[in-house]
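# Structural overview
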Amino acid sequence: MVKLGLAKTSGGGPFGKIKDKYSNAVVSIDMNYPRSFGLDPAGSSTATGFIVDKAQGLLLTNKHVVTEGPVRAKAKFLRNEEVDLKPIYRDPVHDYALFRFNPADVTETPLEEIKLDPAGAIRGTNVLIIGNNGGEKLSYIESTIARVDRPCVPMLDQNSFYITASDTGVGGSSGAPMLNKEGKAVAMVAAGDDYTNISLYIPLFRAARCVELIRQGKPVPRGTIQVAWKHKTFEEVKRYDVPDNIIQTMKKAAVDENEMYMLTVEKLLPKGPAHDAGVRNGDVLYKINGKMIHTYIEAEALLDDNIGKKMKMEFIRDGKEISFDMVVQDLEDISPKEFIEVSNSIVNNLQYLLAMQFALPMEGVFLAKTGYMFRSVPRASIIMKIGRVETPDLVAFKKAIVDLPNGKLVSVKYLHVTDQNKTHIATVTVDKRWYPFQSAVRDDTKGEWKYTNCSTAGEETQQSKKAPNVDLADSSADESESYIGNALTYVEFSSPFAVDGEAQQYQWCCGIIVDKQLGLIVCERETISTFLGDVQVTFNASKTISAEVIFVHPLQRYSIIRYDPSLLENDTTVTVAEVKLSSERVKIGTKLDFFGITSSQNLYQAEAQARQVLDLRAEDGASDDPTFKPLP
């Protein structure tokens, strides 16, 4: 009988013992993202993480795995044990984050932890990557470090080198450790290129600092002047008119080949500390507080240690030395940790990396999900104003929505992040009826989000008003074209939910007023096929009010909606008429006058003749259209 074992691998070689021991420190992670946040959509994924402190249950992985929004995650260990993970830290800039698990929940797998050795990432080093390649739980890839100075991926990281190595890694290994022959992690998987078989790894200098501070129960200070640096070789900075004597001084101060660089300002955010002090794109960083700076790590260490303090920064511009004094900002203060949901739409404050990618100031409300209310505004837009209220942040956005009544038509001014030079205006209908209006704030100490209801009690809407209880009155028998036109309405219907397989929809049709005192309008059921939706009725192409669905026929092709006639009282721009419905069946050959309304709300009239009479119920099942499906 063959005995299957999980304790040891069957391989030897230079990494045989490393595989045996540290496979117990690497886990596959299954994530579920219940809400969109920033550019990260709701969904699910799989990735890798590794234990860096087995006593405290600290698990290191990528930030793009944890994301900045809500996440539910489970770790699967080598012996198939599954434990819940709580996200406790996300770096605002770099692509690393930490989960925490309860070590007591792991009873079968002998836990191991992997020590971090950032300085061990040396070109030519043979390494082992233990990951979750393709979601297969466990994979081993041996490779060799080729570069330690590759530019990072802007949307994943800033102000850092990446490490490269050729391997066959694919999705699922994000967060996997790169181990040297001593079993220490010298880097961590961040991204890859399937075409070239080159994977990108993040260095762990700042991650090691973060792990040590969290292990000690201390906060992780992160400072910024809102600048994205670009490393340049000494040959490259000559083209920036850096004097030769300064280059020679920097060369002599360089410890090794990793310091044979200078940093240039690639991007800086408008209204940020550096921008307001006078720093501009292309400036070459020389010194910070009198210390020569060669690398990202040196610059970041000084910023992190001087939050709230004034620093003197010296640059080279046009061959001359210039200096600026600026106060270091707390990066955590400007990193979004809250979002608002309204009408299934989600907004959050602008994220730092997104702002840096498009050179936007750190202000504005970002539309992470269009939802129902903001379906006419494209995703990834910055909402600048709602009605007459400016919305520079979530506080202003929330107040603007709270102050608006449900059902009100309001303008939205916005710009899209890809086209900042053009502002747009859209019209939306305020909806606090179909979905919760709530905010959520992230608590990293518990790894949870706290929800708060934002709705105010007693909000009255036009949809909730009932038509007056009056006796049915006989209508005029006038059959003139103008009279018929006044009895026709332009009906718009939108549903916030998928019904009968139909996604969120917007449709319109012509409605016929059959009782102007009760406000009854007959419409086709193909447009209004459910009670779950909002109805807008336009009279005489001049006035639009809300209505409600009161009847959807379970078999036949019509629905009835009702509006409040009192909303049209004393309005001289609107004339309302009603028509009687005939009880006679149409016969073949009968001559008719056809009336309708076009999409531009113009009256349409034509002579017609009945050529065929069909029983639509007999056609049931012959069409994919769910209109004719009997309702339960």
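Let me sum up the structure you'll find in this document.

Rules behind the numbers
- Residues numbered from 1 in each chain as written.
- Predicted model: local features only at pLDDT ≥ 70, side-chain atom pairs only at ≥ 80, totals over all residues.
- Heavy atoms only, no water.
- Helix = DSSP H or I, 4+ residues; strand = E, 2+ residues; numbered from the N terminus.
- Buried < 20%, exposed > 50% of the residue type's maximum accessible area, 1.4 Å probe, protein only.
- Arc of directions from axis to C-beta.
- Contact = heavy atoms within 4.5 Å.
- Pairing = 2+ DSSP bridges.
- Axes fitted to C-alpha atoms, helices over the stretch in contact; angles between N-to-C directions.
- Polar contact = N/O pair within 3.5 Å; in protein donor to acceptor, adjacent residues only side chain to side chain.
- Disulfide = S-S within 2.5 Å.
- Parallel < 35°, antiparallel > 145°, perpendicular 65-115°, else oblique.
- Nonpolar A, V, L, I, M, F, W, Y, C, P; charged D, E, K, R; others polar.

## Examining unusual backbone geometry
In the Ramachandran plot, Gln226 falls in the positive-phi region, its phi being about 60 degrees despite a non-glycine side chain. By the secondary structure assignment, Gln226 is in the loop between β13 (223-224) and β14 (227-233).

## Considerations on helix α5 (residues 244-253)
Turning to α5, its buried residues are Ile246, Ile247 and Met250. Viewed along the axis of α5, the buried residues span an arc of 100 degrees, placing them on a single side of the element. Every exposed residue of α5 that faces more than 90 degrees away from the buried side is listed here: Asn245 and Lys252. In this fold, the buried residues of α5 make contact with α4 (234-237), β15 (261-268), β16 (284-288), β17 (291-292), β18 (310-317) and β19 (320-327).

## What about the sheet that holds strand β12 (residues 198-203)?
One closed barrel holds the six strands; their spatial order is β7-β8-β9-β12-β11-β10, and the pairing between them is antiparallel. The average angle at which neighbouring strand axes cross in this sheet is 45 degrees, direction not considered. Taken together, the three bridges between strand β10 (residues 177-179) and strand β11 (residues 185-193) define a ladder with antiparallel strand orientation. Bridge pairing links Leu179 to Ala185 in β11.

## Considering the side chain of Asn348
Relative to the assigned elements, Asn348 resides in strand β22 (residues 345-349). By relative accessible area, which is 0% here, Asn348 ends up buried. Polar contacts involving the side chain of Asn348 include one to the main-chain amide nitrogen of Gly38, which spans 2.9 Å. Setting aside chain neighbours within four positions, we find Asn348 in contact with Phe37, Gly38, Glu338, Phe339, Gly364, Val365, Phe366, Ala368 and Leu394.

## A short note on the state of the cysteines
Under the definition given, this model contains zero disulfides. The cysteine Cys509 is free of any disulfide, with Cys523 supplying the nearest cysteine sulfur at 4.4 Å. Accessibility expressed as a relative area gives 2% for Cys509, which makes it buried. Cys509 provides the cysteine sulfur closest to Cys510, a residue in no disulfide bond, and the two sulfurs are 7.2 Å apart.

## Here's the deal with the sheet that holds strand β31 (residues 505-515)
The strand order around the closed barrel built from six strands is β30-β31-β32-β35-β34-β33, with neighbouring strands paired in antiparallel fashion. The mean inter-strand angle of the sheet, taken between neighbouring strand axes irrespective of direction, is 40 degrees. With six bridges connecting them, strand β30 (residues 488-495) and strand β33 (residues 534-539) associate as antiparallel partners. Across the sheet, the residue bridging to Val491 is Val537, located in β33.

## Comments concerning the packing of helix α3 (residues 205-215) against helix α7 (residues 296-304)
The geometry of α3 relative to α7 is characterised by a closest axis approach of 11 Å and an angle of 30 degrees between their N-to-C directions. Our classification of the angle between α3 and α7 gives roughly parallel. For the pair α3 and α7, the contacting residues are Phe205, Arg206 and Arg209 in the first and Ile297, Glu300, Ala301 and Asp304 in the second. In the contact of α3 with α7, the residues fall into three nonpolar, no polar and four charged.

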